[in-house]
Amino acid sequence: IIQSLGNSSSSSNNDIFLHMQPSQYNDLVAEKQLLIPSNINLCFEYNNNDGDYISSSVQSAMTNFEGIQTSIGIFNPTHLLDDDPMLVAAKVASIIDITSEFGGTISNILVAPIIDNDDDALVGNSGTCDDELVQLCEELSYLDVPGSTIKSRLVVSSLSGDQLEECLQMGVSKYIIDASTDDGEIVERRLVMLRDVVEENGKELVLDI
């Protein structure tokens, strides 16, 4: 699957983020002869109980896969809804610092909550976690870490017009459209929303599919 994903990309600049859990990464390492295409970015899921595994996994990936790209993914909405955004940002900064000490790089930070809209305990009455996403991005943007600025590394979900507006004003330039639904009209509306907000802020929308 990894090889086919790499071959399917029209350009080596179009990164494909591969969501990795610890057990999945261990299985990947077990495939000793596996060559990972240069456009595949291993995205290790943030867990507030054990940030060390990301740093150790990045170090392992550098050893096992030459030239590999690595990222952090904040996918569990509870990290936005229940955790203090300042503490989450501090833990992300710690991961980046530790990673840089052994020559590693966290190329991107994905803030893309995977929300089950049937779970009222998670999303309340709003159906999303727009405000919490903005707050976390704001705290992350304050970080002073080695390498590129956090703003240039952030890749965030496109949840609502207001959220996009605030993130754009913050300097975030990369966004994710949820295309998991089979309803093409919903995906089209999300794209139109993103395009409209981007153009209203004097920017140009460039799609990377």
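That block above? That's the structure.
Just so you know, the residues in each chain are numbered from 1, in the order the chain's sequence is written. Per-residue local features of the predicted model are confined to residues with pLDDT of at least 70, and side-chain atom pairs are confined, for both listing and counting, to 80 or more; whole-chain, interface and lining totals are unaffected and use all residues. For the side-chain quantities, the full set of heavy atoms in the structure was used; hydrogens and water were omitted.

**Regarding the sheet that holds strand E5 (residues 154-157)**
- A pair of strands is treated as paired once DSSP finds two or more bridges between them. Comment: elements are numbered from the N terminus, with helices defined as DSSP H or I runs of at least four residues and strands as E runs of at least two. Ordered by their spatial adjacency, 6 strands build an open sheet running E1-E2-E3-E4-E5-E6, and the pairing between neighbours is parallel. Single-partner strands in this sheet number two, and they are strand E1 (16-20) and strand E6 (174-176). For this sheet, the mean angle separating the axes of adjacent strands, direction not counted, is 30°.
- Bridging between strand E3 (residues 69-74) and strand E4 (residues 108-111) involves 4 bridges; their strand directions are parallel. Think of each axis as a best-fit line through the C-alpha atoms, taken over the contacting stretch in the case of a helix, with angles from 0 to 180 degrees between the N-to-C directions.

**Quick notes on the environment of Thr-70**
- Positionally, Thr-70 belongs in strand E3.
- Overall, Thr-70 belongs to the buried group, its relative accessible area being 3%.
- A sequence separation of 35 residues divides Thr-70 from Thr-105, and the C-alpha atoms of the two residues are 6.9 Å apart.
- Should any heavy atoms of two residues lie within 4.5 Å, those residues are counted as being in contact. With residues near it in sequence (within four places) discarded, Thr-70 still touches Asn-41, Leu-42, Phe-44, Val-58, Ala-61, Thr-105, Ile-106, Ser-107 and Asn-108.
- At a separation of 2.8 Å, a polar atom in the side chain of Thr-70 contacts the main-chain carbonyl oxygen of Thr-105. Categorising residues by exposure relies on relative accessible area from a 1.4 Å probe, with only protein chains included: less than 20% of the type maximum marks a residue as buried, more than 50% marks it as exposed, and the intermediate range marks it as partly exposed. By the criterion applied in these results, polar contacts are pairs of N or O atoms within 3.5 Å in which, for protein atoms, one can donate a hydrogen and the other can accept it, and in which residues neighboring in sequence qualify only through two side-chain atoms.

**Considering the pairing of E3**
- The element E3 is extensively covered by neighbouring structure, given that 5 of its 6 residues are classed as buried.
- When strand E2 (residues 40-45) meets E3, the two strands line up parallel, connected through 5 bridges. When the bridges of E3 are listed, Phe-44 appears paired with Ile-72.

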